[in-house]
Amino acid sequence: YQHQAIETGTGNSQYSGKVTVGSVKSGSTFQLTDSGRGNHKTLDLNHGSSGGKLYTDADDVWGTGKPSNTQTAAVDAAYGAGLTWDYYKNVHGRSGIKGDGKGATSRVHYGNAYVNAFWQDSCFCMTYGDGEGNAKPLTSIDVAAHEMTHGVTSATGNMEYSGESGGLNEATSDIFAAAVEFKANNALDKGDYLVGEKIDINGDGTPLRYMDKPSKDGSSLDYWSSNAGNVDVHYSSGIANHFFYLLSEGSGKKTINGVAYDSPTKDGSKVTGIGRDKAEKIWFKALTSYFTSTTNYAQARKDTVKAASDLYGANSAEAKAVAAAWTGVNVK
Ligand code: ASN
Ligand code: ZN
């Protein structure tokens, strides 16, 4: 047995500047195990696809900010997981993905120039590729929060990953990704209603997804239609992402942290936002108390109205805003 002292390492991340990461000291070596957050571990897949080696370091200063250093992606991943842990704990009183205080695992450098990241229940872990040219790892704050939230969804509403329930599953990850990013308020990666704006997946600086008007990506749905269950879950998610934006910020034009938004409604109705904090509380309550594996959009409307009624009262402005925001995205 070796005593493990709780440490706070210094990380030089690629996307978020100089950050702190949780580490432990074992003998004379530091390990990238976050003992303040359920012993969440960060492993190096070293371009393989299974296993992985726990990151260790001699001086507790991790990464260089450049993707050429093997620790850099680990810093971003560990930082993002830490922010997501803190978000669920501090905002929703949930300790860890399952609410049992246990950390998960992050694995970086999956495969070669792999342009994706994913969550797996089987390893209770999230895995990140290095992106185009192994130069843009998929380890930004929002992507980490998106993947970790898939773990939370699996442990709660567990909406089946196809059809409309799959869209709600995907949107839950985008919604809490935005929430974590806003809460973190990192100077180099301020909160926004965009997904993947740092990882340049399109190669032209545009984000992967937009919550104010999801169709800006060329594929996502702004509004519900009877075809919503037949499109990729990353496109049907647009309906709930758009709902969340409308509920938080309202319809029309708005600039937040320097990003300009312009959110329409299907029927031209005006929606007045109730603020992101309340919208997050309502979505979390619906996810953890009402959503099930088969929840569709019509049911999600009922569940979120009920969640808002639980939290703020049946005739509250908040419950009415939830109904109005769903109507705005054609979920009636
Ligand atoms: N990055 C994707 C996601 O988390 C992977 C997938 O398609 N499941 O949604
Ligand atoms: Zn996802």
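Because the structure is predicted, anything quoted here is derived from the model rather than measured.

### What about the overall build of the protein?
Logical step 1: A tally of helices and strands in the protein yields seven helices and 15 strands.
Logical step 2: The C-alpha radius of gyration computed for the protein amounts to 20 Å, which stays within 12% of the reference 20 Å derived for 332 residues, consistent with globular compactness.
Logical step 3: Seen through its C-alpha atoms, the protein measures out along the principal axes to roughly 60 × 40 × 35 Å.
Logical step 4: The buried share among the 332 residues of the protein stands at 55%.

### Comments concerning the site of ligand 1
Logical step 1: Residues in close proximity to ligand 1 include N116, A117, F118, H146, E147, H150 and E170, which together make up its full environment.
Logical step 2: Sort the elements by how many residues they give to the shell around ligand 1 and helix 2 (residues 141–155) lands first, with three residues.
Logical step 3: A breakdown of the residues in the shell around ligand 1 according to their chemical character gives two nonpolar, three polar and two charged.

### Focus: the UniProt feature "active site" (unreviewed entry) in the protein
Logical step 1: According to UniProt, the feature "active site" (unreviewed entry) maps to E147 and H234 in the numbering used here. A maximum C-alpha distance of 13.0 Å among these annotated residues, which run over 88 residues, shows that they cluster at one spot.
Logical step 2: Among the secondary structure elements, E147 is positioned in helix 2.
Logical step 3: Taking the C-beta count within 10 Å as the criterion, E147 has 28 such neighbours and is therefore assigned buried.
Logical step 4: Not counting the four nearest positions on each side in its chain, E147 is found in contact with A117, F118, W119 and M126.
Logical step 5: The residue H234 is located in helix 4 (residues 233–249) in this model.
Logical step 6: By the C-beta count within 10 Å, which is 19 here, H234 ends up partly exposed.

### Thoughts on the packing of helix 4 against helix 7 (residues 317–328)
Logical step 1: Remark: helix 4 packs on helix 7, axes separated minimally by 9 Å, with the N-to-C direction vectors making an angle of 135°. Overall, the two elements helix 4 and helix 7 adopt an arrangement that is oblique. Classified by chirality, the crossing of helix 7 by helix 4 is right-handed. Between helix 4, through F243, L246 and L247, and helix 7, the contact on the second element is made entirely by A321, V322, A325, W326 and G328.
Logical step 2: Among the residues forming the contact of helix 4 with helix 7, the class breakdown is seven nonpolar, one polar and no charged.

### Some thoughts on the pairing of strand 5 (residues 40–44)
Logical step 1: Along strand 5, five of the five residues are buried, which leaves the element largely enclosed by surrounding structure.
Logical step 2: Along strand 5, one buried face is formed by H40, T42 and D44 and the opposite face, lined by K41 and L43, is buried too.
Logical step 3: The sheet contact formed by strand 4 (residues 33–34) and strand 5 spans two bridges and is antiparallel. Note that in strand 5 the partner of T33 across the bridge is K41.
Logical step 4: Here four bridges tie strand 5 to strand 9 (residues 105–110), and the two strands are oriented parallel to one another. Along strand 9, the bridge assignment pairs K41 with T105.

### Regarding the sheet that holds strand 3 (residues 29–31)
Logical step 1: The five strands are arranged 7-3-2-1-8 in an open sheet whose pairing can be described as mixed. Each edge of the open sheet is held by one strand with a lone partner, namely strand 7 (56–57) and strand 8 (61–62).
Logical step 2: Pairing of strand 2 (residues 18–26) with strand 3, which is carried by three bridges, proceeds in the antiparallel orientation. Along strand 3, the bridge assignment pairs K25 with F30.

### Some thoughts on helix 1 (residues 72–92)
Logical step 1: With 21 residues, helix 1 extends 30 Å from end C-alpha to end C-alpha; this agrees with the ideal 30 Å at 1.5 Å per step.
Logical step 2: Most of helix 1 is tucked away: 16 of the 21 residues are buried.
Logical step 3: Taken from the residues just after helix 1, G93 is the one with a positive phi, measuring 65°.

### Here's the deal with the environment of S237
Logical step 1: By secondary structure assignment, the location of S237 is in helix 4.
Logical step 2: Given 28 C-beta atoms within 10 Å, S237 falls into the buried group.
Logical step 3: Each C-alpha atom of the pair S237 and T20 lies 33 Å from the other, and the pair is 217 residues apart in sequence.
Logical step 4: Sequence-distant contacts of S237, that is, excluding residues within four places in its chain, are made with G167, E170, A171 and D174.

Analysis parameters
- Residues numbered from 1 in each chain as written.
- Chains lettered and ligands numbered in written order.
- Predicted model: local features only at pLDDT ≥ 70, side-chain atom pairs only at ≥ 80, totals over all residues.
- Helix = DSSP H or I, 4+ residues; strand = E, 2+ residues; numbered from the N terminus.
- Rg over C-alpha atoms; globule rule 2.2 N^0.38 Å.
- Buried ≥ 20, exposed ≤ 12 C-beta atoms within 10 Å, placed from the backbone.
- Near = placed C-beta within 6 Å.
- Nonpolar A, V, L, I, M, F, W, Y, C, P; charged D, E, K, R; others polar.
- UniProt positions renumbered as here; feature names shortened; annotations may be inferred.
- Contact = placed C-beta atoms within 7 Å.
- Axes fitted to C-alpha atoms, helices over the stretch in contact; angles between N-to-C directions.
- Parallel < 35°, antiparallel > 145°, perpendicular 65-115°, else oblique.
- Left-handed = near helix turned anticlockwise from the far one by under 90°.
- Pairing = 2+ DSSP bridges.
- Expected span 1.5 Å × (residues − 1).

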